[in-house]
Each structure stands twice: as structure tokens, then as C-alpha cells.
Amino acid sequence: MALSSVQADQPLRYDLLGRLRVTRGSADLTPEPPKLVKLLALLLIRAGEPVAGEKLVAELWERDPPRCAFASLRVYVSQLRKLLSGPRGMSPIITTPLGYILDTNGTVSDIRQFEALYTHGRERYVAADYSRAAELLRRALSLWRGPVLEGIPGSLVIDSFTAVQDEKRLNCTELRMDAALALGCHHEMIEQLRGLVVQHPLREPFYHQLMVALYRAGRQGDALAVYRSARRVLREELGVEPGPSLRLAQEAILRADPAGLEAAGVIPALRWPLAAQPSGRSSPRS
């Protein structure tokens, strides 16, 4: 695709939080051939580091690479170079004796934006600035358009990368829910938390948060039913009992004891009835 002089001077943007997408200004430069897309993904995952040709061949052709695999790899690299080259023909892909390096200096990526917002949101949460934390974490999660590198066939490198990013997304989601609960937004969070426990039935923090939200919404019985559901799922799937935090939350809700909830790791809500709030704060989730 021919770029205007204005577009050509704009930085490349790589989006990995969903289907892989490459843009420069308003121009979509995303490659279409599956092997080319996968090669770009592999280089992005190891951006700034040399990736050996042998490693790329093993990842691109997981079983029985053809005899022409290395020749095909050189063709794919050449095609990517042409696609990603800047206004003066400078390519971000560098060939070294150790392999190929994708230089992402001066580029923009949704994954770096996510990391920055998530880190800042965590810092504001630790500082008890829950309103700012909730907004930063919401913005971080809004960058996700779907599963990481959606549609690209898995491989050892890609599967490992996506597992790490998925865990960060869930940790960010948990922290955002904690911040929202600390702000007293329990009514608003109930629907989202119900969806999260269905999507992630073995992740105890979502049950814990849903129980707190329901209890603060005056639905003690529903909160206890969530505990029973969590206990049944954990016993059936893993053969274990709920962890201490979930058990303490259940006991506190049974006693209608907000102080007991704090002992279970729940931060008192800023808009929760003052008479029900114990003094002090529990340690935030890391």
C-alpha cells in the first residue's frame, strides 16, 4: 500500500491484544499470509533481541519443516522488511550473525500502553487513590480487543507469551474490581463479576469479590450461595477446599461482620455505610 508523505512520517503501531494488527497512521499494513503474520508475531514477542533462523523455522513449521524452509524464511523476512520500511526505506528488521532482530524503538504498541497503565494503576491502588486506580485499570483493560494474537496458530513461544499476558489481564481485572469495591460500586460490579466467575470458575478472587458485592448490596443469602458454588466447583475440579480468604469472607458474611471482611482482605468501601466500616485498611493485593 502506497503511503502519503504524512502517513509515512508517522510511527508504526503494533497491536497484539487481539488479532495482530500493524498500522502507520490510517494505513493498515497488517500482513495477510498466515506464515508472514506468525513470523511478525514471533519477532514482536522477542523485539530487540536476536532470534535465530533455526528457532524461527521450528516455530513456523512445528512438524517436518520442508527442505526449503530456510529459503522460505528469507523470503518472508524480505517481505516483512518491505512492508514495515520507513519513509527513507529503513527497515526495522536487522540481520545479525545471531539471527533477526525487530527494532521497535520509536514505535507504539497496545501491549506497552497496557503495561504502563496497569503499572500506574497498581501504584495508585497501593497509595489508596482508588478512583484514579479504577480509571487507569479500566483504560488498560479497554485496550484488549480479544485473546492475545488471536487466530495465530500456537507454538511454544506464542503459547508461553499469551499465557503470561492472559495472567496479567486477569490480575488487572481483579485489581480493578477491588478498586471499584473500595469505591462502593458494589451494585455496578455484580453483573461483571457473575460473568467472570463463569469464565474463570477456578479463580477464587472473583468469587470473593462477588460475595462482597452481593453482601454490600444487601443480598446476604446470594453471597453465601456463591460460596457454596465456589466450594462445589473447587472440590469437583481440584479436590480442594476454598482458600483461607474465601473461607474468612464466608464466615464474616454469616455473622454480618464488616470487620471480619477486612480480615479476609477486603478494603472498606468509601461509600459503604460509615457505621459498618472498621477502622484501618488491609494490605492491598500485590
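Given the structure is predicted, the values throughout are model-derived calculations rather than measurements. (Residues numbered from 1 in each chain as written. Predicted model: local features only at pLDDT ≥ 70, side-chain atom pairs only at ≥ 80, totals over all residues. Heavy atoms only, no water.)

What to know about a nonpolar patch on the surface
On the surface, a nonpolar cluster with roughly 240 Å² of combined accessible area is contributed by Leu 202, Leu 238 and Val 240. You can see Leu 238 is positioned in helix α10 (residues 220-238). On the basis of relative accessible area, Leu 238 is assigned to the partly exposed category, the value being 48%. (Patch = residues over 30% accessible without salt bridge, like charges linked within 9 Å, V, L, I, M, F, W, Y side chains within 5 Å. Areas by Shrake-Rupley, 256 points an atom, 1.4 Å probe, with all protein chains shown as cover. Salt bridge = Lys/Arg side-chain N within 4 Å of Asp/Glu carboxyl O. Helix = DSSP H or I, 4+ residues; strand = E, 2+ residues; numbered from the N terminus. Buried < 20%, exposed > 50% of the residue type's maximum accessible area, 1.4 Å probe, protein only.)

Section: the sheet that holds strand β1 (residues 12-15)
In spatial order, the strands read β3-β2-β1-β6; together these four strands make up an open sheet with mixed pairing. This sheet does not close on itself; its edge strands, each paired only once, are β3 (27-28) and β6 (108-109). Where β1 and strand β2 (residues 21-24) come together, four bridges link them in antiparallel fashion. In the strand pairing of β2, Asp 15 is matched with Arg 21. (Pairing = 2+ DSSP bridges.)

What about the environment of Thr 107?
Within the secondary structure, Thr 107 is located in the loop between β5 (99-102) and β6. Taking the C-alpha atoms as reference, Thr 107 lies 26 Å from Ser 155; in sequence the two are 48 residues apart. If sequence neighbours within four positions are ignored, Thr 107 has contacts with Pro 11, Leu 12, Tyr 14 and Arg 112. (Contact = heavy atoms within 4.5 Å.)

Looking at the packing of aromatic side chains
Within this structure, the stated rule accounts for four aromatic pairs. A ring pair is formed by Trp 61 and Tyr 76, whose centres lie 6.2 Å apart and whose planes are at 25°; its orientation type is stacked. Of the two residues, Trp 61 is situated in the loop between α3 (53-60) and α4 (69-84) and Tyr 76 in helix α4; the sequence distance between them amounts to 15 residues. Tyr 76 matches Trp 61 in its accessibility class, with the two residues each being buried. Pairwise contacts between aromatic rings join Phe 114, Tyr 118 and Trp 144 into one cluster. (Phe/Tyr/Trp six-rings, centres within 6.5 Å; stacked < 30°, edge-to-face > 60°.)

Brief notes about the confidence of the model for the protein chain
Confidence in the prediction of the protein chain, expressed as mean pLDDT, is 90, and 91% of residues score 70 or more. The least confident element of the protein chain is helix α1 (residues 5-8), whose mean pLDDT is 54; the most confident is helix α5 (residues 110-126), at 98. Per-residue pLDDT stays below 50 along residues 274-286; that stretch engages in 29 contacts with residues further than four places along the chain or on separate chains. (pLDDT = per-residue confidence, 0-100.)

Re helix α2 (residues 34-45)
The terminal C-alpha atoms of α2, which comprises twelve residues, lie 17 Å apart, in line with the 16 Å expected from a rise of 1.5 Å per residue. The buried fraction of α2 amounts to ten of the twelve residues, a majority that puts the element mostly inside the structure. Listed in full, the buried residues belonging to α2 are Leu 36, Val 37, Lys 38, Leu 39, Leu 40, Ala 41, Leu 42, Leu 43, Leu 44 and Ile 45. (Expected span 1.5 Å × (residues − 1).)

A look at the pattern of salt bridges
The tally for this structure, following the rule as stated, stands at 14 salt bridges. For Arg 203, the salt bridge goes to Glu 167, with nearest N and O atoms at 3.0 Å. Of this pair, Arg 203 sits in the loop between α8 (186-199) and α9 (204-216) while Glu 167 sits in helix α7 (residues 156-182); the two residues are 36 residues apart in sequence, bridging distant segments of the chain. Among the residues examined, Arg 203 registers a relative accessible area of 16% and is labelled buried.

Topic: the packing of α2 against α7
The N-to-C vectors of α2 and α7 enclose an angle of 55°; their axes lie 10 Å apart at closest approach. Viewed along their axes, α2 and α7 adopt a mutual orientation that is oblique. Relative to α7, the crossing made by α2 is left-handed. Of the residues in α7, those touching α2 at Lys 38, Leu 42 and Ile 45 are Val 157, Ile 158 and Phe 161. Residues that form the contact of α2 with α7 fall into these classes: five nonpolar, no polar and one charged. (Axes fitted to C-alpha atoms, helices over the stretch in contact; angles between N-to-C directions. Parallel < 35°, antiparallel > 145°, perpendicular 65-115°, else oblique. Left-handed = near helix turned anticlockwise from the far one by under 90°. Nonpolar A, V, L, I, M, F, W, Y, C, P; charged D, E, K, R; others polar.)

Quick look at the nonpolar core
If you look at the biggest cluster of nonpolar residues, it comprises 89 residues, and the most contacted ones within it are Tyr 14, Leu 20, Leu 39, Leu 40, Leu 43 and Leu 149. The element best represented in this core is α7, accounting for eleven residues. (Core = buried A, V, L, I, M, F, W, Y, C linked by side-chain atoms within 4.5 Å.)

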